[in-house]
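Letter by letter, the chains look like this.
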Amino acid sequence: HFNGCKGNVLPALRGEPCEVSERRFWQWNRYTPVVAGNAAMRDGPWKLLRPPIREAMRVAPEDLEMDRRLKREPESVTDICRDPEPERRMPEPPMALLFNVAEDPYEQDDLARSEPDRVARMGAALDAWFAEVEAERRSIRD
């Protein structure tokens with residue numbers, strides 16, 4: 001959420017005046033989203049990072065080919081894929097990492113063990129954000 005930008009981040013990207021929220025969230029993987037990996041949250045100088053889970057990033061060969069075709073011939077893909085997702089077995093997720101990016105911009109010093117309360121608070125906030133986004137995603141009809 002970008003205050004003063006009314007949800008549009010373009011002014012901020014252009015360097016125009018725009019108040020940016022202290023709290024920001026990210027998550028990315030293939031198929032149905034998994035918040036346990038490849039997700040992050042910023043809260044001021046603090047960044048909580050849930051490292052990628054390889055299985056959540058795996059792409060079926062036919063889907064990878066469709067991605068390639070879409071890049072070469074965008075007009076050839078005219079609908080979303082409704083095929084079932086490939087079966088995935090998620091392993092135990094890796095431990096979250098915590099960085100103070102103001103003091104450690106290259107994210108070399110993981111502070112998760114020394115800041116367990118902050119990790120718990122930020123993890124709960126990330127989970128709450130993810131649940132809200134998932135509820136909205138599931139409400140969208142094809």
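These figures come from a predicted structure and were not determined experimentally.

A. Structural detail: the pattern of salt bridges. Applying the stated criterion across every chain yields a total of ten salt bridges. Between Arg30 and Asp67 there is a salt bridge; the shortest N-O distance is 2.8 Å. Note that Arg30 is positioned in the loop between β1 (23-27) and β2 (39-43) and Asp67 in helix α3 (residues 61-72), a separation of 37 residues in sequence. Given the relative accessible area of 23%, Asp67 is considered partly exposed. Among the salt bridges present, the one from Glu107 reaches Lys47, with a minimum N-O distance of 2.9 Å.

B. Region of interest: helix α4 (residues 116-139). Between the first and last C-alpha of α4 there are 34 Å, a value that for 24 residues agrees with the 34 Å anticipated at 1.5 Å per step. Taken residue by residue, α4 has Val119, Met122, Gly123, Ala125, Leu126, Phe130 and Glu134 as its buried positions. In this structure, the buried side of α4 is in contact with β1, β2, β3 (46-50) and β4 (97-100).

C. Structural detail: the nonpolar core. Residues Val35, Trp46, Leu48, Leu98, Val119, Met122 and Leu126 are the most contacted members of the largest nonpolar core, which totals 14 residues. Taken together, the elements giving at least two residues each to this core come down to β2, β3 and α4. The greatest single-element share of this core, amounting to five residues, is contributed by α4. In this structure, Leu98 is in contact with Trp46, Lys47, Leu48, Asp109, Asp110, Leu111, Ala112, Glu115, Arg118, Val119 and Met122, ignoring residues within four places of it in sequence.

D. Examining unusual backbone geometry more closely. In this structure, Tyr31 is a non-glycine residue whose phi angle is positive, near 65°. Assignment of secondary structure puts Tyr31 in the loop between β1 and β2. Judged by relative accessible area, Tyr31 falls into the partly exposed class, the value being 25%. Backbone geometry at Glu107 places phi at a positive 50°, although glycine is not the residue there.

E. Region of interest: the pairing of β3. Counting buried positions along β3 gives four out of five residues, so the element sits mostly inside the fold. Two strands pair when backbone bridges link them, and β2 and β3 are joined in this way by five bridges, in the antiparallel orientation. In the strand pairing of β3, Met41 is matched with Leu48. Remark: two residues form the turn of the hairpin made by β2 and β3, two consecutive strands paired antiparallel; Gly44 in that turn has positive phi of roughly 65°. Sheet topology places β3 next to β4; four bridges connect them, and they run antiparallel. If you follow Leu49 over to β4, its bridge partner there is Leu97.

F. Spotlight on the sheet that holds β2. Spatially, β1-β2-β3-β4 is the arrangement adopted by the four strands of the open sheet, whose pairing is antiparallel. Unpaired on one side and paired on the other, β1 and β4 mark the two borders of the sheet. When strand polarity is set aside, the average angle formed by the axes of neighbouring strands in this sheet is 15°. In the sheet, β1 pairs with β2 via five bridges, with the strands oriented antiparallel. Directly across from Phe25, in β2, lies its bridge partner Met41.

G. Summary view of the environment of Glu87. Along the polypeptide, Glu87 turns up in the loop between α3 and β4. Considered as a pair, Glu87 and Ala60 are 27 residues apart in the sequence and their alpha carbons are 9.7 Å apart. With residues up to four places along the chain from it excluded, the contact list for Glu87 reads Glu55 and Arg58.

What counts and how
- Residues numbered from 1 in each chain as written.
- Predicted model: local features only at pLDDT ≥ 70, side-chain atom pairs only at ≥ 80, totals over all residues.
- Heavy atoms only, no water.
- Salt bridge = Lys/Arg side-chain N within 4 Å of Asp/Glu carboxyl O.
- Helix = DSSP H or I, 4+ residues; strand = E, 2+ residues; numbered from the N terminus.
- Buried < 20%, exposed > 50% of the residue type's maximum accessible area, 1.4 Å probe, protein only.
- Expected span 1.5 Å × (residues − 1).
- Contact = heavy atoms within 4.5 Å.
- Core = buried A, V, L, I, M, F, W, Y, C linked by side-chain atoms within 4.5 Å.
- Pairing = 2+ DSSP bridges.
- Axes fitted to C-alpha atoms, helices over the stretch in contact; angles between N-to-C directions.

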